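Each chain, letter by letter, is given below.
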Amino acid sequence: MNSAVSVTDLHVERGGLVVLPSVTLRIEAGSVTGLLGPSGCGKTTLLRCLVGVQRIASGEVSVLGLPAGSAPLRSKVGYVTQAPSVYQDLSVEENLRYFAAVLGAPRGDVARVIELVGLTGRERDLVARLSGGQRARVSLAAALLGTPELLILDEPTVGLDPVLRRDLWDLFHRLADTGVTFVVSSHVMDEASRCDQLLLMREGRIIAADSPQALLAETGAADIESAFLTLVSAEQRTQA
Amino acid sequence: MSAVRTIATARRVLTQLRHDPRTIALLLVVPCVLMTLLKYMFDGEPAVFDHTGAPLLGIFPLIVMFLITSVATLRERTSGTLERLLTMPLAKLDLLLGYALAFGLLALVQALVVFGLTLGPLGLTVAGPTWLLFLVALANGLLGTALGLFVSAFAATEFQAVQFLPAFILPQFLLCGLFASRDSMAPVLRWISDVLPLSYAVEAMNRLTAESGVSSLIVRDLFILAGCAVLALALGAATLRRRSA
């Protein structure tokens, strides 16, 4: 298996609290991996470690064969934060044109990514005047500029219309088929079925890492939410 | 560092401003109104207008650029765009110089309008060459931008950022020699004013009002202002971290 991400014994503390006690995981290149877990379980901190913006206490995070956050990765790893990080006082096109220049992406790329996220016709609108979902898509579009090899998306589909959500997941899979690796976090368990691989997370620990089908088979649960509950109670029994 | 990314950043900052015409209007109109006010305050004493007006021409760009930059960069920090940029192949210097370029340009446009009014219709007389007046205004604008970039790192909200103006600029304003000659201050204050950049901004403007030609002391003042701007930019760069806790 060719891994795009490999994390070993990652330990992270924030403000004196242990957020990630010891995380070890591997993510296959060209896959769509879902990082699922309740709000506050450490998903964002883990994603920040993969991007290389999080200060870590110990452990190793390797991305595309290099230490996370190293300079050559800056044009290969796209990161979309939970809150859209784009300029409110610029239009959709002006935002993307700037990020394209920073990434060294060709000019035509702006129109391409606007179409990919379904914002054609809104190019000249100020981001401040868009809806929350549209803003999130501008932020996503910025991460698609250039030729990213790994895309780290923090709750990209929250609050979106179901049709749009389906379209975005289709887009992730289409791009994954060309070799792009996706790590997508969500606190909504029903997005699990759209992923090739799942990482279930609770209280800073990965409690399961497998395909959705394998997890359902292993736990005998009908859906991922029940599988999650089964795994948690099994774990509590072994601890007791 | 890359020229393309620096220029793209400057263009982006100016485009943001272009979408905010009211700010641009305030930037240009407020100093003009204040200078007009000053002119007619000293209606019977044109000499007083000459020697208080010129230092003010140096102080406007510094204060205005300080305010605008500290709020703009604070927004960049709180909106997550700064974090995004730092995950991209953008050198910290590209970002800092991009801001300096954009706001330096703005300082020049402001100087053009305000000097046009003050030296023209308001009749302020300055002995030194006009281009040097612009150079001092530019240096002050850049210094304001650099200081704004630096202090924005210590503000978590816009409220705090705005408070840095009275905290950071007002003491310099009092000690810069505009209200009382620096020689007549208590020795400790005199020493403090010696290391504050605004003192040199005012000194340069005072020399320009009094002396024709380019004296070596004005050149020294300009170098001190530029040196302070570079120092503040370097300190600002140190506050940009690719990794945070």
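Look up: the structure comes first, before these words.
Okay, so let's go over this structure. As the structure is a prediction and not an experimental result, all values here were calculated from the model.

Summing up its helical and strand segments, chain A has 7 helices and 10 strands in all. For chain A, whose C-alpha radius of gyration is 18 Å, the value lies close to the compact-globule estimate of 18 Å for 240 residues. When its C-alpha atoms are laid out on the principal axes, chain A stretches across 60 × 35 × 35 Å. Across the 240 residues in chain A, those meeting the buried criterion constitute 52%. Only carbon and sulfur atoms are counted for the fraction: they give 49% of the accessible area of chain A, which is about 10300 Å².

Further remarks concern helix α7 (residues 158-175) of chain B. Residues and elements named next belong to chain B. The terminal C-alpha atoms of α7, which comprises 18 residues, lie 26 Å apart, in line with the 26 Å expected from a rise of 1.5 Å per residue. At Ile169, α7 is deflected by roughly 35°, the largest bend along its length, and proline Pro171 occurs up to four residues later in sequence. Ala161, Phe164, Leu165, Ile169, Gln172, Phe173 and Leu175 are the residues of α7 that are buried. As for α7, its buried residues are in contact with α3 (46-78), α6 (130-151), α8 (187-195) and α9 (197-210). Remark: Gly177 follows α7 within two positions and exhibits a positive phi of approximately 100°.

A few words on the interface of chain A and chain B. Interface size is commonly expressed as the accessible surface area that is lost when the partners come together. Taken together, the contact pairs 31 residues of chain A with 26 residues of chain B. Run the count over chain A and chain B and you get 3 salt bridges. Residue Asp89 of chain A pairs with Arg75 of chain B through a salt bridge whose shortest N-O separation is 3.5 Å. Here chain A is connected to chain B by 18 residue pairs in polar contact (both at pLDDT 80 or more). For the side of chain A that touches chain B, the elements supplying multiple residues, two or more each, are α1 (43-51), β6 (77-80), α2 (92-103) and α4 (132-144) of chain A. Per-element tally for the side of chain A that touches chain B: the top contributor is α2 of chain A, with 6 residues. Considered class by class, the residues forming the side of chain A that touches chain B number 17 nonpolar, 8 polar and 6 charged.

On to the sheet that holds strand β4 (residues 58-63) of chain A. Picture the strands of a sheet paired through backbone hydrogen bonds; they go either parallel or antiparallel. Residues and elements named next belong to chain A. Strands sit in the order β2-β1-β4-β5 across an open sheet of 4 strands; the sheet is antiparallel. Each edge of the open sheet is held by one strand with a lone partner, namely β2 (17-28) and β5 (66-67). Summarising the sheet, strand β1 (residues 3-14) and β4 pair through 5 bridges and their orientation is antiparallel. Pairing of Val7 across the sheet is with Val61, part of β4. With respect to the sheet, α1 is in contact with β1, β2 and β4, its orientation differing from that of β1 by roughly 120°.

On to a nonpolar patch on the surface, then. All names here are of chain B. Residues Leu26, Val30, Leu34, Leu37 and Met41 make up a contiguous nonpolar surface patch of about 470 Å² in total accessible area. By secondary structure assignment, the location of Val30 is in helix α2 (residues 21-41). For Val30, a relative accessible area of 40% translates into the label partly exposed.

Along the chain, the position of Ser91 of chain A falls in the loop between β6 and α2. Excluding its chain neighbours within four sequence positions, the residues that come into contact with Ser91 of chain A are Glu123, Arg124, Asp125, Leu126 and Val127 of chain A together with His19 of chain B.

This next bit is on the nonpolar core. Among the nonpolar cores identified, the biggest contains 127 residues, and Leu96, Tyr98, Phe99, Phe172, Phe182 and Leu200 of chain A together with Met35 of chain B are the most heavily contacted of them. Among all residues touching Leu200 of chain A, those that are not within four sequence positions of it are Leu36, Arg205, Ile206, Ile207, Ala208, Leu215, Ile224, Phe228 and Leu231 of chain A. In terms of nonpolar packing, the next biggest core, distinct from the first, is built from 29 residues, Val5, Val7, Val12 and Tyr79 of chain A among them.

This next bit is on empty space enclosed by the protein. Tallied over the entire structure, the rule returns 4 cavities of 30 Å³ or more. What the largest cavity holds in volume is close to 90 Å³. Contributing to the lining of the largest cavity are 13 residues, with Val77, Gly78, Leu103 and Ala143 of chain A together with Met88 of chain B lying nearest its centre. Mapped by element, the contributors of at least two residues to the lining of the largest cavity are β6 and α4 of chain A. Ranked by the residues each element gives to the lining of the largest cavity, the list is headed by β6 of chain A, at 3 residues. A class-by-class count of the residues in the lining of the largest cavity yields 8 nonpolar, 3 polar and 2 charged. Counted as a void, the second largest cavity has a volume near 60 Å³.

Glancing now at the pattern of salt bridges. All names here are of chain B. Counting across every chain of the model gives 21 salt bridges over all chains. Two residues, Arg207 and Glu203, come together in a salt bridge whose shortest N-O distance is 2.8 Å. Of the two residues, Arg207 and Glu203 are both situated in helix α9; the distance of 4 residues between them amounts to about one turn of the helix. For the pair Arg207 and Glu203, one class covers both residues: buried. Taken together, the shared-partner salt bridges in this structure form one network comprising Arg182, Asp183, Arg190, Asp194, Glu203, Arg207, Arg220 and Asp221.

Let's shift gears to unusual backbone geometry. All names here are of chain A. With phi around 45°, Asp9 is a residue other than glycine that occupies positive phi space. Among the structural elements, Asp9 can be located in strand β1. Overall, the relative accessible area of 45% leaves Asp9 in the partly exposed class. The phi angle at Leu64 is positive, at roughly 50°, despite the residue not being glycine. Along the chain, Leu64 falls in the loop between β4 and β5.

Moving on, we get to the layout of surface pockets. All names here are of chain B. Estimated volume of the largest pocket: approximately 770 Å³. Together, 32 residues line the largest pocket, and Leu17, Thr23, Leu67, Ile68 and Val71 are the ones closest to its centre. Those elements giving two or more residues to the lining of the largest pocket turn out to be α1 (3-18), α2, α3, α5 (92-119) and α7. Looking at the lining of the largest pocket, the element that brings in the most residues is α3, giving 11 residues.

Cut-offs applied
- Throughout this document, residue positions are counted from 1 along each chain, in the order its sequence is written.
- Whichever chain is written first is A, and whichever ligand is written first is 1; the rest continue in order.
- Given that this is a predicted model, residues contribute local features only at a pLDDT of at least 70 and side-chain atom pairs are listed and counted only at 80 or more, while totals for whole chains, interfaces and linings are drawn from all residues.
- Side-chain measures here rest on the full set of heavy atoms in the structure, leaving out hydrogens and waters.
- Every helix listed is a DSSP run of H or I at least four residues long, and every strand listed is a run of E at least two residues long, numbered separately from the N terminus.
- Restricting the calculation to C-alpha atoms gives the radius of gyration, and the globule rule supplies 2.2 Å times the number of residues raised to the power 0.38.
- Note on classification: 1.4 Å probe, protein chains only; a residue is buried when its accessible area is under 20% of the maximum for its type, exposed when over 50%, partly exposed between these limits.
- In this description, accessible areas are obtained by the Shrake-Rupley approach with a 1.4 Å probe, and a residue is regarded as covered only by the protein chains that are shown.
- Expected span of a helix, by definition, is 1.5 Å for each gap between consecutive residues, and there is one gap fewer than residues.
- Here the bend at a residue is taken as the angle between two axes, fitted respectively to the seven residues that end there and the seven that start there.
- For this analysis, residues touch if any pair of their heavy atoms sits within 4.5 Å.
- The term salt bridge refers to a side-chain nitrogen of Lys or Arg lying within 4 Å of a carboxyl oxygen of Asp or Glu.
- Whenever a nitrogen or oxygen atom comes within 3.5 Å of another N or O atom, the pair is scored as a polar contact, on the condition that within protein one atom can donate a hydrogen and the other can accept it, and that pairs from neighbouring residues in sequence are kept only if both atoms are in side chains.
- The classification used treats Ala, Val, Leu, Ile, Met, Phe, Trp, Tyr, Cys and Pro as nonpolar, Asp, Glu, Lys and Arg as charged, and all other residues, Gly among them, as polar.
- We treat two strands as partners when DSSP finds at least two bridges between them.
- Helix axes are fitted only over the stretch in contact, all axes being lines through C-alpha atoms; the angle between N-to-C directions runs from 0 to 180 degrees.
- Exposure above 30% relative accessible area and the absence of a salt bridge qualify a residue for a patch, where like charges join within 9 Å and nonpolar side chains (Val, Leu, Ile, Met, Phe, Trp, Tyr) within 5 Å.
- Residues belong to one nonpolar core when they are buried, are Ala, Val, Leu, Ile, Met, Phe, Trp, Tyr or Cys, and are joined through side-chain atoms within 4.5 Å.
- Here a cavity denotes grid points, spaced 1 Å and computed from the protein atoms alone, that fit a 1.4 Å probe unable to get out, and a pocket denotes an open set having protein on both sides within 12 Å along at least 5 of 7 lines; residues with an atom within 4 Å of a point are the lining.
- Grid points are joined across faces, edges and corners, and a volume is the space filled by probe spheres set on the points.

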